[in-house]
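If you want the building blocks of each chain, they are given just below.
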Amino acid sequence: MEKQKSFLPTAPYKGTRDFYPDEMRFRNWMFSVMRETVQSFGYQEYDGPILESFELYQAKSGEEIVQRQLYDFVDKGERHVAIRPEMTPTLARMVAGEVRNLAKPIRWFSIPNLWRYEQPGKGRLREHWQLNVDLFGVNSYRAEVEIILIADAILKKFGAPKGSYQIKVSHRGILDSFLGKTLGLAAEKSQAVSKLLDKKAKISKEAFEEEIKVLLDNPSKQLDLIYKYLDSNLSNVGDLLGIDPSSVEFIKNLFSDLESLGVKDQMEFDPSIIRGFDYYTGCIFEVFDTNPENRRSLYGGGRYDNLIGLFSNDQLSGIGFGLGDVTFKNFLEGHKLVPDLNKKNAVLIPIMEEKLFPEVLKLAEELRSEGIGVETMLEAAKVGKQIQTAEKKGYQFLLFLGESEVSENKVQIKDIISGSQNTVARAELISELRKSLLG
Ligand code: HAM
């Protein structure tokens, strides 16, 4: 019996995506809007290698990333390496390498592809693209003002309406003083409680209380304080005994500066914002879609004072955020903010007769040299079939070049959407097309 041929699967690796042209068009559009926005604030683009040494993440990325999510392996030269799960360590390494030569403040952005071994689900994949915007060399809250303004400007650039997103802000100084002083927890317990607080929204109240009681020395009193802390706002969080007043002051200043800039309505102090990475030292924030169908954060970020110190004695404070493409796409689709990306700003020229192919190429070249995009068919076929192809490819305009048009030095422009068909002189073609394509 003939052996059944077995085929390789066409599906990509679990938790990853193929970007067919439609998805690629979307991704390019989304990141071009972001790129334009951050460049308008003076940020410059950088990139680094996708593979880094394992130690780079071991130092400060946090246990969850390092032990559970890192794609790491030993290379053929016995080096322990990892595929980047985030950009911040690479950025810190690059800035540290040139720190004395770079003009401050350093304003950089990047759009890397990142890999995390996660359980794939809504808003979570094993690879994603992430816009990273970071600012180095400013210690005052003005750096936070700028970074949050950029986060907000990106959303506004996409036309996000008021109320469609929320920027939730806290401060590691507030959180750490609450855990260490208000609750009086030792460092190790502080870390475990903070992890649990981070998880709280994803588990039931009963499960949260059961898990946290094990970590507390005086559960009834401490649990009460935890709930008071989580319910607090910017005016009363400082009333809890032990909370660091300078961190509260920092956030108050930030809110007051943003008040006059039309961002404050979107902002909220939220003490339950934790951020999983160990490197954050100051203000921390996340941006959320208010659509309950898209619950994972759109952006996450914060200030990190000590990262550069991993590489030398230099000190330079950094602050920034990462914005992932997966949840952001859900946000744009959920709020109907995606324009018609399929419509092509170019024309298609069918082949009416095989012998006219050189004439078609000549016309196409003429138009391209004037900046008009042209796709030509490569074989003659029935007109109806060629129109169908043009429609499927997203063209609105076709140019017909038959024998009579060539001899009379004319071209027919067909608008597939309106159905109209116009014959124009070759000399007027370019200005006609510009009107049609831009209009
Ligand atoms: P992060 O919170 O891990 O921060 O990621 C930032 C954003 O990337 C998240 O809000 C989410 O939109 C997206 N994201 C993260 N993991 C996944 C995933 N597995 N699937 C889909 N989307 C994901 C950082 O990575 C920090 N390094 C950001 C930063 C830059 N902090 C300062 N500068």
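Parameters and conventions
- Residues numbered from 1 in each chain as written.
- Predicted model: local features only at pLDDT ≥ 70, side-chain atom pairs only at ≥ 80, totals over all residues.
- Heavy atoms only, no water.
- UniProt positions renumbered as here; feature names shortened; annotations may be inferred.
- Buried < 20%, exposed > 50% of the residue type's maximum accessible area, 1.4 Å probe, protein only.
- Contact = heavy atoms within 4.5 Å.
- Polar contact = N/O pair within 3.5 Å; in protein donor to acceptor, adjacent residues only side chain to side chain.
- Helix = DSSP H or I, 4+ residues; strand = E, 2+ residues; numbered from the N terminus.
- Salt bridge = Lys/Arg side-chain N within 4 Å of Asp/Glu carboxyl O.
- Pairing = 2+ DSSP bridges.
- Axes fitted to C-alpha atoms, helices over the stretch in contact; angles between N-to-C directions.
- Parallel < 35°, antiparallel > 145°, perpendicular 65-115°, else oblique.
- Left-handed = near helix turned anticlockwise from the far one by under 90°.
- Nonpolar A, V, L, I, M, F, W, Y, C, P; charged D, E, K, R; others polar.
- Expected span 1.5 Å × (residues − 1).
- Near = heavy atom within 4 Å.
- Areas by Shrake-Rupley, 256 points an atom, 1.4 Å probe, with all protein chains shown as cover.

- Taking an unreviewed UniProt entry as the reference, the chain is identified by name as Histidine--tRNA ligase belonging to Leptospira semungkisensis.
- One UniProt comment on the chain, placed under Catalytic activity (unreviewed entry), says "tRNA(His) + L-histidine + ATP = L-histidyl-tRNA(His) + AMP + diphosphate + H(+)".
- Reading the Sequence similarities (unreviewed entry) entry of the UniProt record for the chain gives the comment "Belongs to the class-II aminoacyl-tRNA synthetase family."

Concerning the UniProt feature "binding site: L-histidine" (unreviewed entry) in the chain
- When the UniProt feature table is mapped onto this chain numbering, "binding site: L-histidine" (unreviewed entry) sits at E86, M87, T88, R116, Q130, D134, R275, Y279 and Y280.
- Residue classification places T88 among the buried residues on the basis of a relative accessible area of 8%.
- For T88, the contacting residues outside a window of four places in its chain are N132, Y279, Y304 and L307.
- A distance of 3.4 Å separates a polar atom in the side chain of T88 from a polar atom in the side chain of E86.
- In this structure, Y280 sits in the loop between β9 (267-269) and β10 (283-289).
- Taking relative accessible area as the criterion, Y280 reaches 6% and is therefore assigned buried.
- Once residues within four sequence positions are removed from consideration, Y280 is found in contact with R172, R275, G301, G302, R303 and Y304.

Description of the pattern of salt bridges
- Taken as a whole and judged by the stated rule, the model has 32 salt bridges.
- With a shortest N-O distance of 2.4 Å, D152 and K156 are connected by a salt bridge. Here D152 pairs with K156, and both are found in helix α5 (residues 142-157), just four residues apart, close to one helical turn.
- On the basis of relative accessibility, which here comes to 2%, the residue D152 falls in the buried class.
- According to the relative accessible area criterion, K156 is partly exposed, its value standing at 40%.

Points about the sheet that holds strand β2 (residues 51-53)
- Pairing is antiparallel across the open sheet formed by three strands, whose spatial order is β2-β4-β3. Looking along the sheet, the strands with just one partner apiece sit at the ends: β2 and β3 (71-74). Mean inter-strand twist for the sheet, computed between neighbouring axes without regard to direction, equals 35°.
- Of the pairings in the sheet, the one linking β3 to strand β4 (residues 80-83) comprises four bridges and is antiparallel in character. Counterpart to Y71 in the pairing with β4 is I83.

Some points on the sheet that holds strand β14 (residues 373-376)
- Spatially, β14-β13-β15-β16-β17 is the arrangement adopted by the five strands of the open sheet, whose pairing is mixed. In the strand order of this sheet, the two ends are held by β14 and β17 (421-425), each with one partner. When the angles between neighbouring strand axes are averaged without regard to direction, this sheet yields 30°.
- Taken together, the two bridges between strand β13 (residues 346-349) and strand β15 (residues 397-400) define a ladder with parallel strand orientation. In the sheet register, L348 faces β15, and the bridge partner there is L398.
- On the sheet, helix α12 (residues 357-368) packs against β13, β14, β15 and β16 (410-415) and is oriented at approximately 165° with respect to β14.

Overview of the UniProt feature "domain: Aminoacyl-transfer RNA synthetases class-II family profile" (unreviewed entry) in the chain
- When the UniProt feature table is mapped onto this chain numbering, "domain: Aminoacyl-transfer RNA synthetases class-II family profile" (unreviewed entry) sits at residues 15-146.
- Helix makes up 37% of residues 15-146 and strand makes up 23%, while its end C-alpha atoms are separated by 34 Å.

Quick look at the environment of D239
- Considering the arrangement of structural elements, one finds D239 in the loop between α9 (219-231) and α10 (245-259).
- Judged by its relative accessible area of 63%, D239 falls in the exposed class.

Section: the packing of helix α6 (residues 172-182) against α9
- Taken N-terminus to C-terminus, the directions of α6 and α9 make an angle of 160°; their axes are 12 Å apart at the nearest point. By the angle between their directions, the pair α6 and α9 is classed as roughly antiparallel. Crossing hand, α6 versus α9: right-handed. Residues I174, L175, F178 and T182 of α6 touch α9, and the partners they reach there are L225, I226 and Y229.
- Along the lines of polarity and charge, the residues of the contact of α6 with α9 split into six nonpolar, one polar and no charged.

Some points on helix α1 (residues 21-39)
- Taking 1.5 Å as the rise per residue, α1 with 19 residues should run 27 Å; its terminal C-alpha atoms sit 26 Å apart, in good agreement.
- Along α1, the residues that are buried comprise F26, R27, W29, M30, F31, V33, M34, T37 and V38.
- Turning to α1, the residues buried within the fold contact β5 (106-110), β7 (127-136), α5, β12 (318-324) and α11 (325-334).

Side note on the site of the ligand
- Taken together, 27 residues lie near the ligand, and E86, T88, E118, Y280 and S297 sit nearest.
- Note that a nitrogen atom of the ligand is positioned 2.6 Å from one of the side-chain N or O atoms of E86.
- Take S297: an N or O atom from its side chain is 2.7 Å from an oxygen atom of the ligand.
- A total of 650 Å² of accessible area belongs to the ligand in isolation, and the protein chains cover 97% of it.
- Of all the secondary-structure elements, those providing two or more residues to the shell around the ligand are β7, β11 (299-304), β12 and α11.

Considerations on the side chain of Q412
- Tracing the chain through its elements places Q412 in strand β16.
- At a separation of 2.8 Å, a polar atom in the side chain of Q412 contacts the side chain of E405.
- Within polar-contact distance, the side chain of Q412 engages the side chain of Q421 at 2.4 Å.
- Beyond its immediate stretch of four places on either side in the chain, Q412 contacts L398, L399, F400, E405, Q421, N422 and T423.

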